[in-house]
Amino acid sequence: MGGPEVVDDYFAKKGQRSYADKIYSNLAEFYFEKLRFEDAAAVYKSFVNLNPYHKVAPHFSMRVVEIYGEAGFPKLVVEAKKDFATRYALNASYWDHVDIDTAADVVGFLKTNLTDLAGHYHALYQEDLLVEERPAHFVEASRWYRQLLASFPEDPDTPGIHYRLADLLLENEDFIDAAQEYERTAYAYDAHDKSAAAGYAAVYAYRQELTVATGARQRDVKDATVESSLKFADTFPEHEEAPVVLGAAADDLYEMKDFERAIESGHKLVDRYPGTDRALRRSAWAVIAHSSIDIAAYQDAEVAYMNVLQLTDADDETRPAIIDGLAAAIYKQAEQANLLEDYRAAAGHFLRIKALAPTSSIRSGAEYDAAAALMKLEDWTQASDVLEEFRASHPDHELNAEATKQLAYIYREDGQTARSAAEHERIAAEAEDPELSREALLVAAELYDEVHVIEDAIRVYEQYVDNYPRPLDIAVETRNRLAEIYHEQMDYQRYFDELNEMIDADREAGPERTDRSRFLASKAALVLAERQ
């Protein structure tokens, strides 16, 4: 009599009967037994098309899937599953006529078909031989995954499905979408066996996007990467990769100049994972140290740099830079104390650099600054000790000449006039400025003279007049003082010799002669005349 069209025509003419579904079913199964698979499927599909809201329609649709499967028609199986998933989607018109609470079996069929379709197209997407069709397979797999997630948000299997969707996006190098779906998988559901893996995969996907992002977008991606990393580390602290993720986030925060959060993240790592990889802890302490310097938390920076040093090998090429960082942290504390006029504390900090960072490039300058702070306290003894050691330890330092000047001043203020005189001699010997050298030498002689260290006074006075016959007045005055000393010592020959030198110096000066030089020369001449 023909195929399913005969049955369709009969019921169209005679009207529907309560047993119509059995007629269609019996006919379809008859065809199936005769291996007429297409006819069997056509009978079932015909009934479904004519009776879309009949209670057996979903079962007939599933029977079509089974028939194509048993017949070995995989493409038709897929099309039948897609037809079912579309016809009975939870937003389809079917559910306007059927109470979903009474159709658990249909909902179960829907879930099965959606799962199969998503998995099928995902597998096709991964086939190396189907590269050209990959975009189409991606669209299909994504479509069915998303319909499945929207249809069964509370299902126990949903987190795993969500994870597979994120995997698909990652494979397609849609890194941001993948990261966001991994995050939803990790944090939008109650804890499940993929939670931690999804959280870590989200961080990985964001970091993949960082490798291709450019311009302002790179900052946005880095922000998202850091937030995802911190959330992962806080939510899954026991994950084996949590320390690494947290350390990378701390590095990023420092690079982004978010110093407070960089410090917080670094401390979380070292406090939470004391037994983790040494290099990782060292890096975290370095972030804390550098960030603390940038926010002027110098005491915290010092502690952090000390920890970095403890974790740094003696032959590590970065060790000198770390030592300099430690010295800088201490130096900044000294500067702060100076600003507060707490010079004792400032000197203490400056001197700590020698003890804690002896190879630092700023050690020598810090020692000099320590002496300056002690001088403000008029602690002449310690100030001089520091400067003496400074000169001995750093003989070629550019501040050596200044240290000598300071020592000359300190000894004079401290009543150690002879030592001050010796330092002035040193100034004279080392000064590149002739005028400074001349003045220092004269002061040295006068200081020796002041404290009656006569032999040294004579020696330096004589050196002065030999080296500096000009200015004339000063040279003649100096010779006059020498003559007085020789007279006091009853060394008359040298006394008379010096008087003659005064007379000669004035005579030879010519137009440079002054009233004072004439007076002293005349006085000397009178003494010599009286001697005659």
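Just above, that's the structure.
Figured I'd write up the structure that's included with this text. (Residues numbered from 1 in each chain as written. Predicted model: local features only at pLDDT ≥ 70, side-chain atom pairs only at ≥ 80, totals over all residues. Heavy atoms only, no water.)

**A few points about the overall build of the protein**
As a reminder, the rule being used: Helix numbering and strand numbering both begin at the N terminus, where a helix is a DSSP run of H or I of at least 4 residues and a strand a DSSP run of E of at least 2. Just to be clear, the radius of gyration here is over C-alpha atoms, and the globule rule we use is 2.2 Å times residues to the power 0.38. In this analysis, two residues are considered to be in contact whenever any of their non-hydrogen atoms come within 4.5 Å of each other. Each accessible area is a Shrake-Rupley estimate made with a 1.4 Å probe; only the visible protein chains count as cover when residues are assessed. Under this rule, positive means Lys or Arg and negative means Asp or Glu; His and the chain ends count for nothing. Where a charge lies is defined by one atom per residue type: Lys uses NZ, Arg uses CZ, Asp uses CG and Glu uses CD.
Within the protein, the regular secondary structure consists of 26 helices and zero strands. Here the C-alpha atoms of the protein give a radius of gyration of 49 Å, more than 25% beyond the 24 Å that 2.2 N^0.38 yields for 532 residues. For the protein, the C-alpha atoms occupy an extent of roughly 170 × 40 × 40 Å along the three principal directions. Put simply, 51% of the contacts in the protein that link residues at least 6 apart link residues at least 24 apart. Accessible surface for the protein amounts to roughly 27,300 Å². Of this, 50% is attributable to carbon and sulfur atoms. Where the 56 positive side-chain charges of the protein centre and where its 101 negative ones centre are 5 Å apart.

**Quick look at the packing of helix α2 (residues 20-33) against helix α3 (residues 37-50)**
Relative orientation and spacing of two packed helices are given, respectively, by the angle between their axes and the distance between those axes. Note the following rule: A fitted line through C-alpha atoms serves as each axis, taken over the contacting stretch for helices, and the angle formed by two N-to-C directions is quoted from 0 to 180°. What sets the label is the angle itself: under 35 degrees gives roughly parallel, over 145 gives roughly antiparallel, 65 to 115 gives roughly perpendicular, and the rest give oblique. The hand of a helix crossing depends on one turn: near helix anticlockwise from the far one by less than a right angle means left-handed, and clockwise means right-handed. Residue polarity is assigned by list, with Asp, Glu, Lys and Arg as charged and Ala, Val, Leu, Ile, Met, Phe, Trp, Tyr, Cys and Pro as nonpolar; anything else, Gly included, falls into the polar class.
Relative orientation of the contacting elements α2 and α3 amounts to 165°, with a least axis distance of 7 Å. Judged on the interaxial angle alone, α3 and α2 are roughly antiparallel. When you trace α2 past α3, the crossing you get is left-handed. In contact with Ala20, Asp21, Tyr24, Ser25, Leu27, Ala28, Glu29, Tyr31 and Phe32 of α2, α3 contributes Phe37, Asp39, Ala40, Val43, Tyr44, Ser46, Phe47 and Leu50. Looking at side-chain class alone, the contact of α2 with α3 contains 12 nonpolar, two polar and three charged residues.

**Some details on the pattern of salt bridges**
Test applied: Think of a salt bridge as a Lys or Arg side-chain nitrogen and an Asp or Glu carboxyl oxygen that are within 4 Å of each other. Think of it in three bands: residues with accessible area under 20% of the maximum for their type are buried, residues over 50% are exposed, and the middle band is partly exposed, with areas taken using a 1.4 Å probe on protein chains only.
Applying the stated criterion to the full structure yields 47 salt bridges. Note that Arg63 is salt-bridged to Glu66, the shortest N-O span being 3.0 Å. Here Arg63 pairs with Glu66, and both are found in helix α4 (residues 57-71), just three residues apart, close to one helical turn. We classify Arg63 as buried; its relative accessible area is 14%. The partner of Lys222 in a salt bridge is Asp252, with the nearest N and O atoms 4.0 Å apart. Residue Lys222 is found in helix α11 (residues 215-235), and its partner Asp252 is found in helix α12 (residues 242-255); the two are separated by 30 residues along the sequence. Of the two residues, Lys222 and Asp252, neither departs from the other in class, the shared state being buried. Three or more residues joined by partner-sharing salt bridges are found here, namely Glu29, Arg63, Glu66 and Glu70.

**A word on unusual backbone geometry**
For the peptide bond that leads from Arg470 to Pro471, omega is 0°, which places it in the cis range. Among the structural elements, Pro471 can be located in the loop between α23 (454-467) and α24 (472-488). Within the chain, His452 stands out as a residue other than glycine whose phi angle is a positive 60°. Along the polypeptide, His452 turns up in the loop between α22 (434-450) and α23. Under the relative-accessibility criterion, His452 is labelled exposed at 63%.

**Quick word on the packing of helix α1 (residues 4-14) against α2**
Where α1 meets α2, the closest approach of the two axes is 11 Å, and the angle between their N-to-C directions is 170°. Considering their axes alone, α1 and α2 lie roughly antiparallel with respect to each other. Considering only the axes of α1 and α2, their crossing is right-handed. Across from Val7, Asp8 and Phe11 in α1, the residues of α2 making contact are Ala20, Ile23, Tyr24 and Leu27. Residue composition of the contact of α1 with α2, grouped by class: six nonpolar, no polar and one charged.

**Things to note about the side chain of Asp506**
Our working definition: What qualifies as a polar contact is a pair of N or O atoms within 3.5 Å, subject to a donor-acceptor requirement within protein and to the restriction that residues adjacent in sequence count only when both atoms come from side chains.
Within the secondary structure layout, Asp506 lies in helix α25 (residues 492-509). Asp506 sits in the buried class, given a relative accessible area of 4%. Within the structure, the side chain of Asp506 is placed 3.5 Å from the backbone nitrogen of Arg518, a separation counted as a polar contact. The residues contacting Asp506, other than those within four sequence positions of it, are Arg513, Ser517, Arg518 and Ala521.

**Structural notes on a negative patch on the surface**
Defined as follows: The patches reported here contain residues having more than 30% relative accessible area and no salt bridge. Joining distances are 9 Å for like charges and 5 Å for nonpolar side chains (Val, Leu, Ile, Met, Phe, Trp, Tyr).
On the surface, Asp466, Asp497, Glu501 and Glu508 cluster together into a patch of negative charge. Considering every element that reaches the negative patch, the biggest residue donor is α25, with three residues. Considering the arrangement of structural elements, one finds Asp466 in helix α23.

**Here's the deal with the packing of aromatic side chains**
Rules: Aromatic pairing here means that ring centres of Phe, Tyr or Trp (its six-membered ring) are within 6.5 Å. Orientation follows from the plane angle: under 30 degrees is stacked, over 60 is edge-to-face, and everything else is tilted. Working rule: Lys NZ or Arg CZ, within 6 Å of ring centre, within 35 degrees of ring normal, means a charge sits over the ring.
The final tally for this structure, using the stated rule, is 24 aromatic pairs. Each ring, one from Tyr331 and one from Phe350, has its centre 5.0 Å from the other, and the planes form 65°; the classification is edge-to-face. Of the two residues, Tyr331 sits in helix α16 (residues 319-339) while Phe350 sits in helix α17 (residues 343-356), which places them 19 residues apart along the sequence. Since its relative accessible area comes to 1%, Phe350 is described here as buried. Among the aromatic residues, those joined into a cluster by ring pairs are Tyr10, Phe11, Tyr24, Tyr44, Phe47 and Phe60. Note that Arg63 overlies the ring of Phe32, its terminal NZ or CZ placed 4.7 Å from the centroid. Here the guanidinium or amino end of Lys194 rests over the ring plane of Tyr163, the centre of that ring lying 4.6 Å away.

**Remarks on the side chain of Gln333**
Summarising the element assignment, Gln333 is placed in helix α16. Beyond its immediate stretch of four places on either side in the chain, Gln333 contacts Tyr298, Gln299, Glu302, His349 and Arg352.

**Description of α3**
Owing to its 3.6 residues per turn, the α-helix brings residues three or four apart onto one side. Condition: Here the expected span of a helix is defined as 1.5 Å times the quantity of residues minus one.
Here α3 contains 14 residues, and its C-alpha end-to-end distance of 20 Å stays within 8% of the 20 Å for a straight helix at 1.5 Å per residue. Buried residues belonging to α3 abut α1, α2, α4 and α5 (74-87).

**Topic: helix α6 (residues 104-125)**
Inclusion rule: In this description, the arc belongs to the directions extending from the helix axis to the C-beta atoms.
Relative to the 32 Å expected for 22 residues at 1.5 Å per residue, α6 spans 32 Å between its end C-alpha atoms, a close match to the ideal helical length. Val106, Val107, Leu110, Asn113, Leu114, Leu117, Ala118, Tyr121, His122 and Tyr125 are the residues of α6 that are buried. Mapping the buried residues of α6 onto a view down its axis gives an arc of 160°, with all of them on the same face. If you follow the buried residues of α6, they end up packed against α4, α5, α7 (134-151) and α8 (158-171).

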